[in-house]
Amino acid sequence: SKDEYERVLSRLEPLKELGAVDTSGLSQNTSERLAALVRQVAASSIPFREGTLDQEDAARIGQLAKLLRELEETAAKANTSYRYTLLAHPLIGTNRVANRLIEERRATQVRLQLVQGGLAPERFETRLSEDLDRAGQGVTVVPVEAPGEE
């Protein structure tokens, strides 16, 4: 948004005392692209339809890793960064405890694949979702802005 763009420019103002500051790569388009990337990441999921990580899921993780790398690069241009919560959505039912363990392993597996895809392991945490409306929907990603971290 325009407010975010102005906020970033105001944070750069003190640097001008040290010399010229090139802001040509930073524009309102950066904040708009950042918002679009956050929405795309939040809409991503790894469904584990076959019960294990199949080729389709592996391809989705590869696409997600590419999207997260772009998000990281774009966030750096806007002088911010993100952390990610990998939410596993276990089925609810008579095997709830077993299902929770399976989903925990799946979230860990997604995390490992993303790290192998070039993302920093400290950027991720895995959690189990308690959202009954999303039960059985695999693993989703929640990007959380972490200003000041790089």
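Residues numbered from 1 in each chain as written. Predicted model: local features only at pLDDT ≥ 70, side-chain atom pairs only at ≥ 80, totals over all residues. Heavy atoms only, no water.

### A closer look at helix H3 (residues 55-77)
The end-to-end C-alpha distance of H3, which contains 23 residues, comes to 33 Å, matching closely the 33 Å that a straight helix rising 1.5 Å per residue would cover. Taken together, the buried positions of H3 are occupied by Asp57, Ile61, Leu64, Ala65, Leu67, Leu68, Leu71, Thr74 and Ala75. Taking the backbone nitrogen of Glu56 as reference, a side-chain oxygen 3.1 Å away marks Asp54 as the first, capping residue of H3. After H3 finishes, the residue Asn79 shows a positive phi value of roughly 60 degrees. (Helix = DSSP H or I, 4+ residues; strand = E, 2+ residues; numbered from the N terminus. Expected span 1.5 Å × (residues − 1). Buried < 20%, exposed > 50% of the residue type's maximum accessible area, 1.4 Å probe, protein only. Polar contact = N/O pair within 3.5 Å; in protein donor to acceptor, adjacent residues only side chain to side chain.)

### Remarks on the side chain of Asn99
Note that Asn99 resides in helix H4 (residues 96-116). On the basis of relative accessible area, Asn99 is assigned to the buried category, the value being 17%. Those residues in contact with Asn99 that lie beyond four places of it in its chain are Pro90 and Leu91. (Contact = heavy atoms within 4.5 Å.)

### Structural notes on the sheet that holds strand S4 (residues 138-145)
The 4 strands lie next to each other as S1-S4-S2-S3, forming an open sheet whose pairing is mixed. With one partner strand each, in any of the chains shown, strand S1 (45-46) and strand S3 (124-128) form the two edges of the open sheet. Across 2 bridges, the pairing between S1 and S4 is antiparallel. Bridge pairing links Ile46 to Val139 in S4. Sitting on the sheet, H3 is in contact with S1, strand S2 (82-89), S3 and S4, with an inclination near 155 degrees to S2. On top of the sheet, H4 reaches S1, S2, S3 and S4; it is set at about 165 degrees to S3, its chief contact. (Pairing = 2+ DSSP bridges. Axes fitted to C-alpha atoms, helices over the stretch in contact; angles between N-to-C directions.)

### Topic: the pairing of S4
Across a regular strand the side chains alternate sides, sitting on one face of the sheet and then on the other. The sheet contact formed by S2 and S4 spans 8 bridges and is antiparallel. From the neighbouring strand, His89 faces S4, where its bridge partner is Gly138.

### Here's the deal with the pattern of salt bridges
The full count for this structure, using the stated rule, is 6 salt bridges. Among the salt bridges present, the one from Glu56 reaches Arg60, with a minimum N-O distance of 3.6 Å. Of this pair, Glu56 and Arg60 both sit in helix H3, separated by 4 residues, roughly a single helical turn. Residues participating in the shared-partner salt-bridge network are Arg49, Glu56 and Arg60. (Salt bridge = Lys/Arg side-chain N within 4 Å of Asp/Glu carboxyl O.)

### Some remarks on the nonpolar core
Counting residues in each nonpolar core, the largest one holds 25 residues, and the members touching the most others are Leu68, Leu71, Val110 and Leu114. Elements represented by at least two residues in this core include exactly helix H2 (28-43), H3, S2, H4, S3 and S4. With 7 residues, the single largest contributor to this core is H3. Once residues lying within four places of it in the same chain are set aside, the contact partners of Leu71 are Leu34, Leu37, Val38, Val41, Tyr82, Tyr84 and Pro143. (Core = buried A, V, L, I, M, F, W, Y, C linked by side-chain atoms within 4.5 Å.)

### As for a negative patch on the surface
Together, Asp3, Glu4, Glu6 and Glu145 make up a negatively charged patch on the protein surface. With 3 residues, the top contributor of residues to the negative patch is helix H1 (residues 2-12). Since its relative accessible area comes to 38%, Glu145 is described here as partly exposed. (Patch = residues over 30% accessible without salt bridge, like charges linked within 9 Å, V, L, I, M, F, W, Y side chains within 5 Å. Areas by Shrake-Rupley, 256 points an atom, 1.4 Å probe, with all protein chains shown as cover. Lys, Arg positive; Asp, Glu negative; His and termini not counted. Charge placed at Lys NZ, Arg CZ, Asp CG, Glu CD.)

### Side note on the packing of aromatic side chains
Counting across every chain of the model gives 1 aromatic pair. Pairing Tyr84 with Phe124 gives two aromatic rings, centres 5.4 Å apart and planes at 35 degrees, and the pair type is tilted. Here the residue Tyr84 occupies a position in strand S2, and Phe124 occupies one in strand S3, the gap between them amounting to 40 residues. The same class applies to Tyr84 as to Phe124, namely buried. (Phe/Tyr/Trp six-rings, centres within 6.5 Å; stacked < 30°, edge-to-face > 60°.)

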